[in-house]
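# Fold and geometry: a report
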Amino acid sequence: MSDQPVLHVKGRVLVTPEDVRDELWVVGGRVSYDRPAGARDIRTVEGWALPGLVDAHCHVGLDAHGPVDAETAEKQALTDREAGTLLIRDAGSPSDTRWIDDRADLPKIIRAGRHIARTRRYIRNYAWEIEPDDLVAYVAQEARRGDGWVKLVGDWIDREVGDLSPCWPRGAIEAAIAEAHRLGARVTAHCFAENSLRDLVEAGIDCIEHATGLTEDLIPLFAERGVAIVPTLVNIATFPQLAAGGEGKFPAWSAHMRRLHERRYDTVRAAYDAGIPVFVGTDAGGSLPHGLVAAEVAELVTAGIPAVEALAATSWSARAWLGRPGLAEGAPADLVVYDRDPRADVGVLAAPRRVVLNGAVVE
């Protein structure tokens with residue numbers, strides 16, 4: 001052990017919001033709270049330490065036009081790492097990014113496979129585009145390919161209607177979600193609109209992405225079923241621009257998108273107040289750049305979520321939800337160090353002092 005490089009993190013270590021310790025040690029890439037005997041090569045990092053941040057809705061290997069090459073995907077992952085995001089739930093990508101798992105210097109990824117959408121009802125080159133009779137088979141396929149998650153497109157613009165509408169009949173999603181659960185996978189769905197949500201939740205879905213259509217009558221159902229939401233407010237901020245672009249052809253859709261945008265903060269705060277689990281996700285990798293995790297936490301605070309709870313939504317609580325450890329004894333040493341207490345000011349998340357991934361300080 002004495003010949004292994006050792007990292008000493010001192011200052012304030014936020015194991016949880018309440019469990020704050022003076023130091024931790026990193027030995028062999030793992031967290032220890034006991035000083036290693038005989039350690040000689042010691043590097044010290046000082047500040048306020050948090051578990052590596054979580055972006056629970058991110059797309060590595062994807063841009064606005066579809067899959068990207070490995071070099072671009074690497075740059076995306078590095079940008080997230082520099083922002084302190086060390087755990088990503090990749091909420092749908094057509095790219096094979098398994099090679100990232102062999103890179104100790106890149107964030108850890110939990111994949112949801114490729115999006116599953118209705119034919120011609122989603123962004124081109126992103127999803128498997130299928131009809132309801134094939135939904136169970138494709139959900140089973142992506143459940144086996146992913147890391148415990150499957151991603152559906154729950155609603156999208158219907159050009160014949162001229163507005164958002166649900167993509168799947170109730171029976172199809174009930175069977176598909178049941179199959180995913182049988183295979184040990186959780187299911188999430190992209191949903192902007194109001195009228196896609198009840199069927200998905202009553203069918204047993206585990207999470208809703210965006211959830212802009214969450215209304216007062218649906219909130220108790222979400223809370224009762226324990227269905228989480230990932231609001232992606234930095235993405236919802238683009239709704240007015242999207243609405244302006246579609247005004248001439250789809251005026252009803254444009255007006256709907258503006259309404260969803262106008263009440264976005266009220267929607268998120270009402271969900272939080274009702275006890276619905278809320279997690280941080282940026283939706284980076286489509287039309288948005290990577291590295292926006294601090295901005296999304298700030299948006300949750302603007303929505304009225306207490307700072308410590310918004311911080312938990314990208315750290316302690318998010319890691320527990322995804323089944324990954326924080327700064328527990330023996331856990332992989334993935335952590336971010338800041339100059340100030342992030343519980344007091346989440347703005348500090350935008351400027352990490354040090355990022356430590358698998359026990360190595362990222363320079």
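Here the residue index of a chain counts from 1 through its sequence in written order. Under the rules for a predicted model, residues below a pLDDT of 70 receive no local features and side-chain atom pairs below 80 are neither given nor counted, while totals for whole chains, interfaces and linings still include all residues. Side-chain figures throughout are based on the complete set of non-hydrogen atoms in the structure, without hydrogens or water.

## Some details on the sheet that holds strand β19 (residues 354-357)
Sheet strands pair by backbone hydrogen bonding; their relative direction is either parallel or antiparallel. Spatially, seven strands are ordered β3-β2-β1-β4-β18-β19-β20 in an open sheet, and the strand pairing comes out mixed. Two strands close off the open sheet at either side, each with one partner strand: β3 (30-32) and β20 (360-362). Neighbour-to-neighbour, the strand axes of this sheet turn through a mean angle of 40°, independent of strand direction. A strand pair is defined by DSSP finding two or more bridges across the two strands. Per the convention used, a helix needs a DSSP run of H or I reaching at least four residues, while a strand needs a run of E reaching at least two, with both numbered from the N terminus. Judged from the three bridges that link them, strand β2 (residues 20-27) and β3 form a sheet pairing that is antiparallel. Each bridged residue has a counterpart across the sheet, and for Val26 the counterpart in β3 is Val31. Note on geometry: axes are lines fitted to C-alpha atoms, helical ones only across the stretch in contact, with angles between N-to-C directions running from 0 to 180 degrees.

## Some words on the sheet that holds strand β9 (residues 108-111)
Sheet architecture is open: three strands sit in the order β5-β8-β9, paired in parallel fashion. Two strands in the sheet have a free side with no partner beyond their single neighbour: β5 (53-58) and β9. Sheet twist, expressed as the average angle between the axes of neighbouring strands with direction ignored, equals 20°. Pairing geometry for strand β8 (residues 85-90) and β9, over four bridges, is parallel. Paired with Arg89 across the bridge in β9 is Ile110.

## Quick word on the pairing of β19
Across three bridges, the pairing between strand β18 (residues 335-338) and β19 is antiparallel. In the sheet register, Leu335 faces β19, and the bridge partner there is Val356. Pairing geometry for β19 and β20, over three bridges, is antiparallel. The residue bridging Leu357 from the neighbouring strand is Ala360, located in β20. Connecting β19 to the next strand, β20, in antiparallel fashion are two residues, including Asn358 with a positive phi near 55°.

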